[in-house]
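Chain by chain, the residues:
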Amino acid sequence: MTVCRGAEMTPVCFILVLMSNAASVSAQFSGYNCDANFHSRFPGEGDIDVYCGVQTITLKINFCPVLFSGYTDADLALNGHHNDGHCRGFINNNTLPTTLLFSISLSTLEACGNNLVVSTAYGVNAYGNMSLVQIGHVSGFIDTPDPPTIISYLPGLMYKFSCSYPLEYLVNNSQLASSSATVAVKDSNGTFVSTLNMILYNDTSYSHTLSIPMSGLALKTRVFAAVKATNLDRRWNVFMDYCYTTPSGNPNDELRYDLFFGCYKDPQTTVFENGKSQVGRFSFEVFRFVKHRHQRMSTVFLHCVTKLCRADDCITLIPICGKRRKRDGEHIQIYPVPTSGNTVLTAGPIITRTDETPANNSQMAEANNLPLNPLTSALISGVVVLGGASLGFFLFSVRLLQKPRHPPGTSSGVLNSNFK
């Protein structure tokens, strides 16, 4: 064992100290994918990655600086829950560098002390309309325990994280000719749901999906619509904020007709359930767009801007509508404008028919203009000539009957002298 004292601290001794420290670090990193040249340091802000998923929040921590700081994987836990094995992470040694993974289920996020706060503000939301906008914020931290001693030579480690989830989504059903349409939302940042869909039915019990015939639906046929969220935690309900129709599959089409929005509701639309569960239900009577007046069938596309709300808070999103009559056009002054980053479910058009037969009149007009064959022409000509001759003979006979007659032998007004 080499001992360096006082003046004996030569360059050789300094090199020996460095080699001793390097050997200690190498032993500390043994068995893990760590590079002593890059990871011989305390943790920094860039040592944690946060993935805000649909059903889980995943945290990835660079484990090498944790080892360098003198801790193991068992020393890190969520929100100080060091005695609960479910709140600890697990090693992934298949990456470079080695990572420590934490998986937080959104359905049980409070179990390890994570915090959920829903903020509500009245303003312009992502769709351009004025309404109550809600955002769910999930936050927490990962830390090391405090030692039972008065002092410690080890640094205390803490990693903070947060995820923000907007609670408004666009459900766009543009293939309503099919029985149902379900499109899964990708597992990416900023959504609490993995699936939002809209299904159409033809009965009040919502048990028989709508089937649209090739000839289209008759006008004023009542259609029943349901907006559903699946794989959604029970703390959330579905609130249909705004449902409208367009003649095209584009939800941004300038020509649109509102079914309901705020205090406005189309007279032929009925909302059965909204904000009370994970299903919203309403019905409406099918109609045609006047722009399709020269077509036998009209296409109608249905769109719904849908929010998620905590079960206890949904009542705050329901508008309070007084008995005062809304001014004409007030409900259409501001339209939600969906953006490209939103969840859009697409399905097929509602096809309606007018049951009008304008072709009958045109067929009659065409029949009057049909060309006549030679035999028919000859018969018609003969009838015309015979009718003209008969009319002339009749007029001549009438003229003869009207000619005056004189008595015989009285050619003048003088009395015959032979008759006295």
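**Student:** Explain the state of the cysteines to me, using residue names and the numbers behind them.
**Tutor:** Such a bond, covalent and formed between the sulfur atoms of two cysteines, is termed a disulfide. Applying the stated criterion across every chain yields a total of 5 disulfides. C34 shares a disulfide with C64; S-S distance 1.9 Å. Because the torsion about its S-S bond is -85°, the bridge between C34 and C64 counts as left-handed. Linking C34 in the loop between α1 (11-28) and α2 (36-39) with C64 in helix α3 (residues 63-68), this pair joins segments that are 30 residues apart in sequence. Summarising the burial analysis for this pair, C34 and C64 share the class buried.

**Student:** Let's hear about the packing of aromatic side chains: which residues, and what values?
**Tutor:** Counted according to the given criterion, the structure contains 11 aromatic pairs. Each ring, one from Y206 and one from F224, has its centre 5.8 Å from the other, and the planes form 75°; the classification is edge-to-face. Within this pair, whereas Y206 is found in the loop between β11 (195-201) and β12 (217-218), its partner F224 is found in strand β13 (residues 222-230), the two being separated by 18 residues in sequence. Just as Y206 is buried, F224 falls in that class too.

**Student:** Talk me through the sheet that holds strand β1 (residues 48-52); I want residue IDs and the actual numbers.
**Tutor:** Read across the sheet, 4 strands follow the order β1-β2-β5-β4 without closing on themselves; strand pairing throughout is antiparallel. Strand pairing shows two members of the sheet lacking a second neighbour, β1 and β4 (90-92), which therefore form its edges. For this sheet, the mean angle separating the axes of adjacent strands, direction not counted, is 25°. Where β1 lies against strand β2 (residues 56-62), 5 bridges are found, and the strand directions are antiparallel. The partner of D49 across the bridge, within β2, is K60.

**Student:** Residue-level account of the nonpolar core, with values.
**Tutor:** Of all hydrophobic cores here, the largest spans 62 residues; its most connected members are L78, F192, F282 and L308. Among residues more than four places away in sequence, those in contact with L308 are Q134, L167, Y169, F192, V193, L232, W236, N237 and V238. If you look at the next biggest cluster of nonpolar residues, it comprises 6 residues, including I199, Y201, F224 and V279.

Reading the values: rules and limits
- All residue numbers here refer to positions counted from 1 along the written sequence of the relevant chain.
- The predicted nature of this model means local features are confined to residues of pLDDT at least 70 and side-chain atom pairs, given and counted, to a pLDDT of 80 or more, with totals for whole chains, interfaces and linings taken over all residues.
- With hydrogens and water set aside, each side-chain value is computed from the structure's full complement of heavy atoms.
- Cysteine sulfurs are considered disulfide-paired once they come within 2.5 Å of each other.
- Note on conventions: DSSP H or I runs of at least 4 residues are helices, E runs of at least 2 residues are strands, and numbering of each starts at the N terminus.
- Think of it in three bands: residues with accessible area under 20% of the maximum for their type are buried, residues over 50% are exposed, and the middle band is partly exposed, with areas taken using a 1.4 Å probe on protein chains only.
- Each aromatic pair joins two rings of Phe, Tyr and Trp (for Trp, the six-membered one) with centres within 6.5 Å, and gets the label stacked for planes under 30 degrees apart, edge-to-face for over 60, and tilted for any other angle.
- The criterion for strand pairing is that DSSP finds at least two bridges linking the strands in question.
- In this analysis an axis means a line fitted to C-alpha atoms, helices contributing only their contacting stretch, and an angle means the value between N-to-C directions, from 0 to 180 degrees.
- Among buried residues, those of type Ala, Val, Leu, Ile, Met, Phe, Trp, Tyr and Cys that are joined through side-chain atoms within 4.5 Å constitute a nonpolar core.
- The contact criterion used is simple: two residues touch if any of their non-hydrogen atoms lie within 4.5 Å.

Limitation: the analysis is restricted to geometry and does not speak to function.
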